[in-house]
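# What the coordinates show
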Amino acid sequence: GQNSDTMMIACINHNEKTIKLVSLYRDTLLNVSYPDEEANYTKANAAYAIGGPEQMLTMMNTNLDLNITQYLTVDFLAVAKVVDALGGLDVEMTREEAIHLNNYNVETAEACGVEYEELELPSAEVFDGAITETFHLNGSQTVSYARIRKTAGNDFRRTARQRRVLELIFAKAKTADLGTLDSFMNLVFPL
């Protein structure tokens, strides 16, 4: 019964061992109805609230001329737990992003049932908007970083952050030992 926060289409090529991700902007005006129903144009992220993953797939397939048959639904807690199981992520960001991360993390920490942990920022004189700095983020901070919408680039930049987080997770997971991967899969798959 909730709008989807993030929508991505993944193309997994097993032969080439590659994954390509395409984001669907949540505020894109699309027909979220089934083909035999009267058209209902609204924000794309509403399809999930209207009819769950099946409605989301129908919306994507109908509007984007696709034939997606498989899906994965993930909540904030699953992403946070993966990141925590991997020991956190090192993410480069601007001061503006870091400030918004702290704002978003109040809600994200509550949604994930974890304690809010504020990201400490260097002074504005040292760390201005044109400079980026690398921060080590825990799970809820990483989810909050991926949710930021109120910076230059709006949803375009937001979806780029989301894909960047997945790239960092995949890169870090590739270096993890099998026991670590097995433990976090067992932890996260039920979510």
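Residues numbered from 1 in each chain as written. Predicted model: local features only at pLDDT ≥ 70, side-chain atom pairs only at ≥ 80, totals over all residues. Heavy atoms only, no water.

### Thoughts on the packing of aromatic side chains
For the record, the criterion: Any two of the Phe, Tyr and Trp rings considered here, Trp counted by its six-membered ring, make a pair once their centres fall within 6.5 Å; the pair's planes then place it as stacked at under 30 degrees, edge-to-face at over 60, or tilted in between. Secondary structure elements follow DSSP: runs of H or I no shorter than four residues count as helices, runs of E no shorter than two count as strands, and numbering proceeds from the N terminus. Per-residue accessibility, obtained with a 1.4 Å probe over protein chains only, is compared with the maximum for each type, and a residue is labelled buried under 20%, exposed over 50%, and partly exposed between these values.
Per the counting criterion, the structure on display carries 1 aromatic pair. With 4.8 Å between their ring centres and 65 degrees between their planes, Y25 and F156 make a pair best called edge-to-face. One end of the pair, Y25, is in the loop between β2 (18-23) and β3 (29-31); the other, F156, is in helix α5 (residues 154-175), with 131 residues separating them in the sequence. Assessed through its relative accessible area of 29%, Y25 is described here as partly exposed.

### Things to note about the packing of helix α4 (residues 139-147) against α5
The line we're drawing: For helices, the fitted axis covers only the stretch in contact; all axes are lines through C-alpha atoms, and the angles between them, taken along N-to-C directions, range from 0 to 180 degrees. Any two residues having at least one pair of non-hydrogen atoms within 4.5 Å are treated as being in contact.
Between α4 and α5, the least distance of the axes is 7 Å, while the angle of their chain directions is 145 degrees. Counting all contacts with α4, which are made through T142, Y145, A146 and R147, the residues of α5 involved are R157, R158, R161, Q162 and V165.

### Re α5
What counts here: To estimate how far a helix should extend, the number of its residues minus one is multiplied by 1.5 Å.
With 22 residues, α5 ought to run about 32 Å at 1.5 Å a step, and its terminal C-alpha atoms sit 32 Å apart, in line with that. Looking only at α5, the buried set comprises D155, R158, T159, R161, Q162, V165, L168, I169 and A173.

### So, unusual backbone geometry
Even without a glycine there, the phi angle at D65 is positive, about 55 degrees. Within the secondary structure, D65 is located in the loop between α1 (46-64) and α2 (76-85).

### Things to note about the environment of T151
With respect to the element layout, T151 can be found in the loop between α4 and α5. For T151 and E97, which are 54 residues apart along the polypeptide, the C-alpha to C-alpha distance reads 7.0 Å. If we ignore the near neighbours within four places in the chain, the residues touching T151 are E96, E97, H100, R157 and R161.

### What about the side chain of S23?
Heads up, the condition is: Each polar contact in these results corresponds to two N or O atoms within 3.5 Å; when the atoms are within protein, one needs to be able to donate a hydrogen and the other to accept it, and residues that are neighboring in sequence are counted only if both atoms are side-chain atoms.
Summarising the element assignment, S23 is placed in strand β2. Within polar-contact distance, the side chain of S23 engages the side chain of R163 at 2.6 Å. Ignoring sequence-local partners within four residues, the contact set of S23 consists of M7, M8, T159 and R163.

### Quick notes on the environment of R163
Position of R163 among the secondary structure elements: in helix α5. Distance in space between the C-alpha atoms of R163 and E120 is 24 Å, their sequence separation being 43 residues. Non-local contacts of R163, meaning those with residues more than four positions away in its chain, are made with M8, L21 and S23.

### Here's the deal with the side chain of T108
Following the sequence through the fold, T108 ends up in helix α3 (residues 95-112). Accessibility expressed as a relative area gives 0% for T108, which makes it buried. The residues touching T108, leaving out its near neighbours within four places in the chain, are S140, V143, S144 and R147.

### A word on the pattern of salt bridges
Where we set the bar: Each reported salt bridge corresponds to a side-chain nitrogen of Lys or Arg within 4 Å of a carboxyl oxygen of Asp or Glu.
Throughout the structure, instances matching the rule amount to 11 salt bridges. Salt-bridge contacts for E97 lead to R161; the nearest nitrogen and oxygen are separated by 3.1 Å. One end of the pair, E97, is in helix α3; the other, R161, is in helix α5, and 64 residues separate them in sequence. Judged on exposure class, the residue E97 and its partner R161 are both buried. One salt bridge in this structure joins D155 and R158, with 3.6 Å as the shortest N-O distance. Note that D155 and R158 are positioned in helix α5 at a spacing of 3 residues, about one turn of the helix. We classify D155 as buried; its relative accessible area is 11%. Residues participating in the shared-partner salt-bridge network are D5, R26, D27, K43, E107, R147, R149, D155 and R158.

On their own, these measurements won't tell you what the molecule is for.
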